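Listed below are the residues making up each chain.
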Amino acid sequence: MRNSYEVRAQKFIREFFPFIDGCVDFLDYEEATWDFMIEHPHRKVAFDHGMTRVVFITSDYVVKMDYSEENIEKFGGGEKEIAFYEMAEREGMAYLFAKISRYNYCGRTFYIMPRVTGIDEDRWEDAWHYMTDEETDWCLDHNLYDLHCKNYGLHNGKVTIFDYGAYDEESEEE
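Residues numbered from 1 in each chain as written. Predicted model: local features only at pLDDT ≥ 70, side-chain atom pairs only at ≥ 80, totals over all residues. Heavy atoms only, no water.

Visitor: What am I meant to see in helix 2 (residues 26-39) here?
Guide: Along an α-helix, residues three or four apart share an orientation, since each turn contains 3.6 residues. The first and last C-alpha atoms of helix 2 sit 20 Å apart over 14 residues, in line with the 20 Å expected at 1.5 Å per residue. Of the positions making up helix 2, those classed as buried are Tyr29, Ala32, Thr33, Phe36 and Met37. The buried residues of helix 2 occupy an angular sector of 135 degrees when the element is viewed end-on, so they sit on one face. Facing away from the buried side of helix 2 by over 90 degrees, the exposed positions are Glu31, Trp34, Ile38 and Glu39. In this structure, the buried residues of helix 2 make contact with helix 1 (5-20), strand 1 (46-49), strand 2 (53-57), strand 3 (61-66) and strand 5 (108-114). (Helix = DSSP H or I, 4+ residues; strand = E, 2+ residues; numbered from the N terminus. Expected span 1.5 Å × (residues − 1). Buried < 20%, exposed > 50% of the residue type's maximum accessible area, 1.4 Å probe, protein only. Arc of directions from axis to C-beta. Contact = heavy atoms within 4.5 Å.)

Visitor: Sorry, what's going on with the packing of aromatic side chains here?
Guide: The relative placement of two aromatic rings is captured by the distance of their centres and the angle of their planes. The final tally for this structure, using the stated rule, is 19 aromatic pairs. Taking 5.9 Å as the distance between ring centres and 45 degrees as the angle between the ring planes, the aromatic pair formed by Phe84 and Tyr164 counts as tilted. Of this pair, Phe84 sits in helix 4 (residues 78-90) while Tyr164 sits in the loop between strand 7 (158-161) and helix 6 (170-173), and the two are 80 residues apart along the sequence. The burial state of Phe84 is the same as that of Tyr164; both residues are buried. Arranged with centres 5.0 Å apart and planes meeting at 65 degrees, the rings of Phe97 and Tyr164 form a pair that is edge-to-face. Residue Phe97 is found in the loop between helix 4 and strand 4 (101-105), and its partner Tyr164 is found in the loop between strand 7 and helix 6; the two are separated by 67 residues along the sequence. With a relative accessible area of 5%, Phe97 lands in the buried category. We classify Tyr164 as buried; its relative accessible area is 0%. An aromatic cluster of three or more residues is present, and its members are Phe12, Phe16, Phe19, Tyr29, Phe36, Phe47, Phe56 and Tyr61. (Phe/Tyr/Trp six-rings, centres within 6.5 Å; stacked < 30°, edge-to-face > 60°.)

Visitor: For this particular structure, what's the right way to read the packing of helix 1 against helix 2?
Guide: When two helices pack together, their arrangement is given by the angle between the helix axes and by the axis-to-axis distance. For the pair helix 1 and helix 2, interaxial distance at closest approach is 9 Å and the crossing angle is 120 degrees. For the element pair helix 1 / helix 2, the angle class is oblique. Judged by the sense of rotation from one axis to the other, the crossing of helix 1 with helix 2 is right-handed. Of helix 2, the residues touching helix 1 (which contributes Phe12, Glu15, Phe16, Phe19 and Ile20) are Tyr29, Ala32, Thr33, Asp35, Phe36 and Glu39. Class assignment for the residues of the contact of helix 1 with helix 2 results in 7 nonpolar, 1 polar and 3 charged. (Axes fitted to C-alpha atoms, helices over the stretch in contact; angles between N-to-C directions. Parallel < 35°, antiparallel > 145°, perpendicular 65-115°, else oblique. Left-handed = near helix turned anticlockwise from the far one by under 90°. Nonpolar A, V, L, I, M, F, W, Y, C, P; charged D, E, K, R; others polar.)

Now the structure itself:
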């Protein structure tokens, strides 16, 4: 029986960690990803980054890691996504989001998600276009605002949002 994507992601992190240990900025992480694939040619890892996080994308999971505290309030980070997902679960809206889980290894925190497919960077519509009025209202009520085409995928016409760290936490307190 095949292990879950979370178990496989944890194994990947343990294998990958020596390559990223000491990385500071996203360019370091990108170079480390290439070095890893040279040493492990059977492993295909795509790299991406945003303002606060780096992302390592593999066959059926992704690993996110915060690398810059500077913009976390505005653009979000792993802990903000954890908090948001937990709130979405409590309020019955978690089905809109890729599940996130935390994994600590060697003093670093990694965030694991299933890989989302159906991402179309040529699609001009934001996620709102594919959501019901109730789903849209819920996201707006919680000040989730960064739902452009690179932050969600579609599967059978249904939205799966995988970058949901950019929201205003004050809405949680209301």
